[in-house]
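Topology and contacts: notes
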2 protein chains.
Amino acid sequence: MNQPTGNTVKSVAIGIIGYGTVGQGVVEVLQKNAREIERRCGYHLQVKSVARRDWSGTDTSALPFTCVTDPFAVAGDPAVDIVIELAGGEHPARELIETALKNGKHVITANKALIAKHGEALFALAREKGRELTFEAAVAGGIPVIKVLREGMSANEVKRVAGIINGTSNYILTEMAQKGRDFADVLKEAQALGYAEADPSFDINGTDAAHKITILASIAFGIPLQFDSVYIEGIDALTPEDIQDAAELGYSIKHLGLAVRRDNGVEIRVHPTLVPQNALIASVNGVMNAVQVQGNAVGNSLYYGPGAGKLPTASAVVADLIDVVRELNLKGEDRLTEFGYSEVHDRSSLPVLPAEAFHSAYYLRLTVADRAGVLADITRILADNSISINSVSQKNHRKNNGHIPLVLLTEVVNEAQMNRACEQLAALPAVSGAVKRIRVENIE
Amino acid sequence: MNQPTGNTVKSVAIGIIGYGTVGQGVVEVLQKNAREIERRCGYHLQVKSVARRDWSGTDTSALPFTCVTDPFAVAGDPAVDIVIELAGGEHPARELIETALKNGKHVITANKALIAKHGEALFALAREKGRELTFEAAVAGGIPVIKVLREGMSANEVKRVAGIINGTSNYILTEMAQKGRDFADVLKEAQALGYAEADPSFDINGTDAAHKITILASIAFGIPLQFDSVYIEGIDALTPEDIQDAAELGYSIKHLGLAVRRDNGVEIRVHPTLVPQNALIASVNGVMNAVQVQGNAVGNSLYYGPGAGKLPTASAVVADLIDVVRELNLKGEDRLTEFGYSEVHDRSSLPVLPAEAFHSAYYLRLTVADRAGVLADITRILADNSISINSVSQKNHRKNNGHIPLVLLTEVVNEAQMNRACEQLAALPAVSGAVKRIRVENIE
């Protein structure tokens, strides 16, 4: 594994754990772009062994690598220099990575749940062993947003990261917005088309986006990974009515992962969000992903591309691989750390704020009795809770049984105050049913 | 300059040549974000000396660095570790960088003209001296697009780079499109507002964008810098009529830098371009920049942000600085090369194609006599030159003196054939005046 000299190009041996869509994509990219990749890293990258639970149905004799069923055989293979973990899930993925690191291998993973939940322990082990554990493919697929945040934005104090980082929910919201369709209806179709998993709960309920924003927040702010502190809302409660009301106010509804720096800590939250229609992120449709980074030097920048899929995800995995190979000769202490912070400083103690401490503007929708004095009662409650109103509109054309929808946009308000106000609003005799609340982020 | 140990943070001495807008921005970012930057690179970055032609009017005693007027005093200062060249222009910027490299300093520059025209010689010198010469700020200001192409996209064979990489011309086109205004009118206002230089020729005639696409093409394809081979058109010939016609066809006109890989070479070109209105790049307005990268693994990805300005440009300069400092302990051969290709492979011999070999779809506008048989003559000429027509529309409401505008969209066609066809079209008795041609790029 020395630096190549003259015309002799040395070889690096790769082991892959998991041969599903992404694993096959990695092999395809390494074959198809072999010449370009060798030009870029100076080594020939040779897939030596691949582990898959079940090879039946595959003509393994036609594959130019050793096919095994025991993933630990790859993780511990003395002939393998670099292990790519694409098994997914928490176990045995964690144990596989630990085995690989302990056996002196660099590791590349696309496993967002694993990094978000067990990354700290795994990075500590990697440092101890002087090996790299990289994870570009864990967030936003083909978009190199980990590298952008860790290196490209390094001169900035990052103020906010706002990302469409789950393609399935963005696809569903796009269909709902463009065709006025119901959530359940679009979801069923997305599953039939293969855009949504058979069990789409992690996409729909925000868990997948929460894994990803956990990782982005740690890089942006240099804080420990704290998945358990992320506030999470999914998209399942959104109705065509919400989307229509937002559009009338000049907003689109997107499911965002947000990491916001405040003076007293950081907010990490995942929820449906009204964003101005003329913001570039509002034009990100279908299964595409985009991450907007606001820094105190750069201002607003945005990174857009496919967030999933065979070759886009493989693109990120192989870019990590090339980075690792380019740095094969480095000593452990000369390597960039996982989040790009110097080891003497390591993690910041900036706390993750609880939901009650959040600040956000709000869209509120109430169903109110159509009689005099109601609006006065409502605005009084908001004023008493120090909530300023940006706009109010009564949807008289949707009058039903003597009740009409009332839509309000508020200025930025503290969440605890909003909770209190909403309780008081719901208790008004003129207000029928629950108060619908969706946060607003005035992204440029 | 050893790796910091324990709580002792070592210092790196910076020299800055040029203290205009960007130079002051770099000092501001280094001061304002000192703590974050130290967390990220593990060193305290100390601006030691700054060169400016004329310090009169500035209270230099209030500045925390040595103020000099001779830029070579900074380039050769034994106490300086890293030099930031912000002098601009070709000379003496080139000699300053050479002096700094020969004196063992790493160099960071924002000088796109210098890199595009003299980069090869400067990179060769940097390699010989085992020092880095970095240039993220030379293209698209605050957007880390150099890093994205060199590292983030490394698994891809890049098929196309398409960028809005000159903010002034994008501002002018945006105003023309949104307000139906004339080119000259908007330019005058842009100059008054300070968005355009007193001498805006390099922005308007495409030279600035050509410098930048030269650099991006070299990274995307691993070819030598070949500024002299770039095909260049500015925006000064565009009229509100062109923009209106394009809009009616579902297109916006953007001034793009394009680098396109073909089987027999690469096209590097800068010109006004029709792009589909629903492509994300069509929504990039005002002074903002965006670069779309199409790779054979990732598909389409886009990078958006401010392309110029004090702090965005400083963000890119300081990101380079942090990268250099993170790698201070590396041996020369362990450093990533300027375009991210291994030294054993170095530059590709893929030729830059001459304009006659380009392939592009076209928007054509002819002013034709309103009589029978004209369209037949025109479509015959196009067919004879193997040009397929995508759409034709006669603008009867713009009839003037018995002549009407005829707007055609063609399929992708070879440029030499299009040249021949346009000569033949212009020679038709029914065609009055020149044929207006604007290229179309069907970006997704």
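Residues numbered from 1 in each chain as written. Chains lettered and ligands numbered in written order. Predicted model: local features only at pLDDT ≥ 70, side-chain atom pairs only at ≥ 80, totals over all residues. Heavy atoms only, no water.

Glancing now at the packing of helix α6 (residues 145-152) of chain B against helix α10 (residues 207-221) of chain B. Residue and element names in this part refer to chain B. At a closest axis distance of 9 Å, the pairing of α6 and α10 adopts a crossing angle of 15 degrees. Between α6 and α10, the interaxial angle falls into the category roughly parallel. The handedness of the crossing between α6 and α10 comes out as right-handed. Contact residues: α6 offers Val145, Ile146, Leu149 and Arg150, while α10 offers Ile215, Leu216, Ile219 and Ala220. Tallied by class, the residues present in the contact of α6 with α10 amount to seven nonpolar, no polar and one charged. (Axes fitted to C-alpha atoms, helices over the stretch in contact; angles between N-to-C directions. Helix = DSSP H or I, 4+ residues; strand = E, 2+ residues; numbered from the N terminus. Parallel < 35°, antiparallel > 145°, perpendicular 65-115°, else oblique. Left-handed = near helix turned anticlockwise from the far one by under 90°. Contact = heavy atoms within 4.5 Å. Nonpolar A, V, L, I, M, F, W, Y, C, P; charged D, E, K, R; others polar.)

Let us now look at the domain arrangement of chain A. All names here are of chain A. Assigned domains within chain A: domain 1 (11-141 + 311-334), domain 2 (145-306) and domain 3 (355-440). The distance between the C-alpha centroids of domain 1 and domain 2 comes to 28 Å. Among the ionic pairs, Lys112 bridges to Asp208, the shortest N-O distance being 3.3 Å. Seen at the junction of domain 1 and domain 2, the total is six residue pairs in polar contact (both at pLDDT 80 or more). Elements represented by at least two residues in the side of domain 1 that touches domain 2 include exactly α5 (112-129) and α12 (310-326). The element best represented in the side of domain 1 that touches domain 2 is α5, accounting for eight residues. (Domains from an automatic or database assignment. Salt bridge = Lys/Arg side-chain N within 4 Å of Asp/Glu carboxyl O. Polar contact = N/O pair within 3.5 Å; in protein donor to acceptor, adjacent residues only side chain to side chain.)

Of note, the amide linkage connecting His91 of chain A to Pro92 of chain A takes the cis form, showing an omega dihedral of 5 degrees. Of note, Pro92 of chain A is situated in the loop between β4 (82-85) and α4 (93-102). With a phi angle near 60 degrees, Asn401 of chain A is a residue other than glycine that sits in the positive phi range. For Asn401 of chain A, the location among the structural elements is in the loop between β14 (389-394) and β15 (403-410). Of the residues examined, Asn401 of chain A reaches a relative accessible area of 74% and is grouped as exposed. A positive phi angle, near 60 degrees, is found at Ala140 of chain B, a position not held by glycine. Note that Ala140 of chain B resides in the loop between β6 (133-134) and α6. Looking at Ala140 of chain B, the relative accessible area reads 1%, which means it is buried. (Buried < 20%, exposed > 50% of the residue type's maximum accessible area, 1.4 Å probe, protein only.)

Our next topic: the sheet that holds strand β1 (residues 11-17) of chain A. The strands making up a sheet associate through hydrogen bonds between their backbones, and the pairing can be parallel or antiparallel. All names here are of chain A. Reading across from one edge, β3-β2-β1-β4-β5-β6 is the order of the six strands in this open sheet, with parallel pairing throughout. In this open sheet, the two strands that pair with only one neighbour each are β3 (66-68) and β6 (133-134). Direction of pairing for strand β5 (residues 106-109) relative to β6: parallel, over a ladder of two bridges. Bridge pairing links Val107 to Leu133 in β6. (Pairing = 2+ DSSP bridges.)

For the rest of this paragraph, the subject is helix α13 (residues 374-384) of chain B. Residue and element names in this part refer to chain B. Taken as a whole, α13 has its buried residues at Val374, Ile378, Ile381 and Leu382. The arc that holds every buried residue of α13, seen down its axis, measures 95 degrees, which confines them to one face. Packing partners of the buried residues in α13 comprise β13 (359-369), β14 (389-394), β15 (403-410) and α14 (415-427). (Arc of directions from axis to C-beta.)

By size, the foremost hydrophobic cluster in this structure holds 117 residues, and its most contacted members are Ile215 of chain A together with Ile215 of chain B. Those residues within four positions of Ile215 of chain B in sequence are excluded, and the remaining contacts are Lys112, Ile115, Ala116, Phe135, Ala138, Val139, Ile146 and Leu225 of chain B. (Core = buried A, V, L, I, M, F, W, Y, C linked by side-chain atoms within 4.5 Å.)

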